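Fold and geometry: a report
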Amino acid sequence: MNVQHFLNTVDAISTWVGKAAAWLIIGLMTLVCVEVFKRYILNLPTAWIFDASNMFYGSLFMLAGAYALAQNAHVRGDFLYSSMRPRTQAALDLLLYVVFFLPGIAALVYAGYDYAAISWRIGEHSTVTAEGPPIYHFKSVIPLAGALVMLQGVAEIVRCIVCLRAGQWPSRRKDVAEIDVVEEQLALSEYVDEETRKTAIERAQKIDEQARQRGMGGDLQS
C-alpha cells in the first residue's frame, strides 16, 4: 500500500462514518417535532425525549469529528497560515499535531474507554430526568469517535511529512461543498441566462477557493 492509497483509505473511512452519522439529524428532528407537538398541543410532555435528543446530537457531533478533519474543515486562523509556503504550513501543522493533537486525543480515547466501561458495568441510566434512559451505549461513542479522529490525525501527520519532502500537499478526497449546490440551483433556474450563469459560477468558485485556501493541495474526486 503506497502513501497516497493509505491517505485515500483513511479519508474514505472518515467520510463514510461522518455521512452515516449525519442521518442522526433525521432522528433528532423527529424527536424534537414529536415533543413539541405532545407538549404544546396535547399537553403530554415526554421526559425521556430530552435525554434522547442530547444523545442523538452528542453522537452526531463526536462521530463527525474525523470527517471534518478529513475535509480540513475545523476552525483555524487562516490569516497568516494561508500566506505561508506549503513546507512551512506542514512544519507548523506537524508540530501542533505532535505537541497537542496526539496527547489530547490519546487521553480522550483512554479516559473515554474507562468512562464507557464503568457505565456498562453499572448499567448506567440518565439522572437528568426521572427514570432516564440507559446511556452506556452513548458513552461508548466517546472512545469510538476518539479512535476515528486519531486515525484521521495519523493520516494528517503523514500528509505533513509528505509535504515536507515534496514541497506540496498530497491530494485529498473532495466531498460535496456549498458551491456544488449553488451550481445545481443555477443550472435549474429558468430566470438566468447561460452567460450570467457561467459568470456567477466562476465568481462563486473563485470566492470559495480563496476562502478554503488552507494548503489542501489538489483535490481527489470521490
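Keep in mind the model is a prediction, meaning the values are calculated, not measured. (Residues numbered from 1 in each chain as written. Predicted model: local features only at pLDDT ≥ 70, side-chain atom pairs only at ≥ 80, totals over all residues. Heavy atoms only, no water.)

1. Structural notes on the overall build of the chain
Scanning the chain from terminus to terminus reveals 10 helices and 2 strands. Secondary structure of the chain in N-to-C order comes out as α-α-α-α-α-α-α-α-β-α-α-β. Burial analysis of the chain (222 residues in total) assigns 34% to the buried set. Long-range pairs, those at least 24 residues apart, make up 74% of the contacts in the chain with a sequence separation of at least 6. By element, 65% of the accessible surface of the chain is carried by carbon and sulfur atoms, the whole surface being about 14,000 Å². (Helix = DSSP H or I, 4+ residues; strand = E, 2+ residues; numbered from the N terminus. Buried < 20%, exposed > 50% of the residue type's maximum accessible area, 1.4 Å probe, protein only. Contact = heavy atoms within 4.5 Å. Areas by Shrake-Rupley, 256 points an atom, 1.4 Å probe, with all protein chains shown as cover.)

2. Topic: unusual backbone geometry
Backbone geometry places asparagine 43, a non-glycine residue, at a positive phi of 60 degrees. Of note, asparagine 43 is situated in the loop between helix H2 (24-40) and helix H3 (48-63). On the basis of relative accessible area, asparagine 43 is assigned to the exposed category, the value being 61%. Even without a glycine there, the phi angle at asparagine 72 is positive, about 55 degrees. The topology assignment puts asparagine 72 in the loop between helix H4 (65-70) and helix H5 (78-81).

3. Focus: the packing of aromatic side chains
What characterises a pair of aromatic rings is the spacing of the ring centres plus the angle enclosed by the ring planes. All told, the structure shown has 3 aromatic pairs when counted by the stated rule. Ring centres of tyrosine 97 and phenylalanine 101 lie 5.1 Å apart, and the angle between their planes is 80 degrees; on these two criteria the pair is classed as edge-to-face. Of the two residues, tyrosine 97 and phenylalanine 101 are both situated in helix H6 (residues 86-122); the distance of 4 residues between them amounts to about one turn of the helix. On the accessibility criterion, tyrosine 97 (14% relative accessible area) is buried. Overall, phenylalanine 101 belongs to the buried group, its relative accessible area being 15%. (Phe/Tyr/Trp six-rings, centres within 6.5 Å; stacked < 30°, edge-to-face > 60°.)

4. Things to note about helix H1 (residues 3-22)
Here H1 spans 29 Å end to end across 20 residues, near enough to the 28 Å set by a 1.5 Å rise per residue. Along H1, the residues that are buried comprise Leu7, Asn8, Val10, Asp11, Ser14, Thr15, Val17, Gly18 and Ala21. (Expected span 1.5 Å × (residues − 1).)

5. Details of the pattern of salt bridges
Taken as a whole and judged by the stated rule, the model has 5 salt bridges. For arginine 159, the salt bridge is made with aspartate 11, and the minimal N-O distance between the two is 2.4 Å. Linking arginine 159 in helix H8 (residues 141-166) with aspartate 11 in helix H1, this pair joins segments that are 148 residues apart in sequence. Given the relative accessible area of 0%, arginine 159 is considered buried. Of the charged contacts in the structure, one is a salt bridge between glutamate 124 and lysine 139, with a shortest N-O distance of 2.8 Å. Of this pair, glutamate 124 sits in the loop between H6 and helix H7 (136-139) while lysine 139 sits in helix H7, and the two are 15 residues apart along the sequence. On the basis of relative accessibility, which here comes to 22%, the residue glutamate 124 falls in the partly exposed class. Beyond isolated ion pairs, a larger network of salt bridges with shared partners links Asp11, Glu156, Arg159 and Arg172. (Salt bridge = Lys/Arg side-chain N within 4 Å of Asp/Glu carboxyl O.)

6. Let's talk about the environment of isoleucine 13
Relative to the assigned elements, isoleucine 13 resides in helix H1. Put simply, isoleucine 13 and leucine 151 are 138 residues apart on the chain and 9.4 Å apart in space, counted from C-alpha to C-alpha. Isoleucine 13 has contacts with Leu148 and Leu151, leaving out every residue within four places of it along the chain.

7. Some points on the packing of H3 against H8
Interhelical geometry of H3 versus H8 gives an angle of 20 degrees and a closest axis separation of 9 Å. Between H3 and H8, the angle is such that the two are roughly parallel. The handedness of the crossing between H3 and H8 comes out as right-handed. Here Ser59, Met62 and Leu63 of H3 come into contact with H8, specifically with Val141, Ile142, Leu144, Ala145 and Leu148. Its residues placed into classes, the contact of H3 with H8 shows 7 nonpolar, 1 polar and no charged. (Axes fitted to C-alpha atoms, helices over the stretch in contact; angles between N-to-C directions. Parallel < 35°, antiparallel > 145°, perpendicular 65-115°, else oblique. Left-handed = near helix turned anticlockwise from the far one by under 90°. Nonpolar A, V, L, I, M, F, W, Y, C, P; charged D, E, K, R; others polar.)

8. Regarding the state of the cysteines
A complete count under the given rule lists 0 disulfides for this structure. Here cysteine 163 stays unpaired: no disulfide links it, and the sulfur of cysteine 160, its closest cysteine neighbor, is 7.4 Å away. (Disulfide = S-S within 2.5 Å.)

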